[in-house]
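The lines below spell out each chain.
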Amino acid sequence: MATDPERIRFGASASHDLVDTHGKTIIADAVVAKIAGIATREVSGVHDVGGGTARAVGALRDRIPGARVNHGQGIAVEVGEKQAAIDIGIVAEYGVALHELAAGIRRNVIAAVETMTGLEVTEVNITVFDVVLLDEEPGADTETRPRVQ
């Protein structure tokens, strides 16, 4: 049996064939959302992913023993046969240049999704919901912090 070297390299840009003579590969929206969520969290300066509601649900889930992290939290995707569009909501760390953070997230998400799925990512829209000081974590004791007068 002869093998095509391009087919052996997983995620090779030369082999975006999700539909060929042997069948069709369907990538579920949840899979693309999970890949995008993991790739987003890898970028330095991202404090959390998701808006207020998604983060609140995630915080509740984190308190349940044995619960798993929802890597797709805060990510919305539309997946077609050959393309994907991704919307990401984040909370950034204070002091990070938001435009550079967004560019870094886009690069990382596009590279991860295109490499792992073979889909072409047409757009990555990013919404910054909040900026957080690291000492303003939820649950931080505000009574013990020195007051500025």
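The structure displayed is predicted, hence computed values, not measured ones.

**Q** Could you give me a rundown of the nonpolar core, with the residues and numbers involved?
**A** Counting residues in each nonpolar core, the largest one holds 26 residues, and the members touching the most others are Ile86, Ile88, Ile105 and Val109. With residues up to four places along the chain from it excluded, the contact list for Val109 reads Ala36, Ala39, Thr40, Ile86, Ile88 and Val124.

**Q** Help me get a handle on helix H2 (residues 29-41), residues and values and all.
**A** Think of an α-helix as 3.6 residues a turn; residues three or four steps apart then line up on the same face. Compared with the 18 Å implied by 1.5 Å per residue over 13 residues, the 18 Å span of H2 between its first and last C-alpha is a close match. All buried positions along H2 are accounted for by Val32, Ala33, Ile35, Ala36, Gly37, Ala39 and Thr40. Where the residues of H2 are buried, they touch strand E3 (46-49), strand E4 (75-79), strand E5 (83-93) and helix H4 (98-117).

**Q** How would you summarise the pairing of E4 if you had to cite specific residues and measurements?
**A** By the bridge criterion, five bridges tie E4 to E5 in an arrangement that is antiparallel. Opposite Val79, over in E5, you have Ala84 as the bridge partner. Counting the residues that bridge the hairpin from E4 to E5 gives three residues.

**Q** Report on H4, specifying residues and quantitative values.
**A** The terminal C-alpha atoms of H4, which comprises 20 residues, lie 28 Å apart, in line with the 28 Å expected from a rise of 1.5 Å per residue. Leu101, Ala102, Gly104, Ile105, Val109, Val113 and Thr117 are the residues of H4 that are buried. Viewed along the axis of H4, the buried residues span an arc of 160°, placing them on a single side of the element. Exposed residues on H4 whose side chains face more than 90 degrees from its buried face are His99, Glu100 and Arg107.

The rules behind these values
- One numbering rule holds for all chains: residues counted from 1, following each sequence as written.
- Given that the model is predicted, a residue must reach a pLDDT of at least 70 before its local features are reported, and side-chain atom pairs must reach 80 or more before they are shown or counted; all residues, however, enter totals for whole chains, interfaces and linings.
- Based on all heavy atoms of the structure, the side-chain values leave hydrogens and waters out of the count.
- Only buried residues count toward a nonpolar core. Its members are Ala, Val, Leu, Ile, Met, Phe, Trp, Tyr and Cys residues joined through side-chain atoms within 4.5 Å.
- Only protein chains enter the area calculation, which uses a 1.4 Å probe; residues under 20% of their type maximum are buried, those over 50% are exposed, and those in between are partly exposed.
- Any two residues having at least one pair of non-hydrogen atoms within 4.5 Å are treated as being in contact.
- Elements are defined by DSSP. Helices are runs of H or I of four residues or more, strands are runs of E of two residues or more, and each kind is numbered from the N terminus.
- Multiply 1.5 Å by the residue count of a helix minus one, and that product is the helix's expected span.
- Only when DSSP finds a minimum of two bridges between them are two strands counted as paired.
- Each direction from the helix axis to a C-beta atom contributes to the arc, which is the arc of those directions.

Everything listed here is a matter of coordinates, which is why it stays silent on function.
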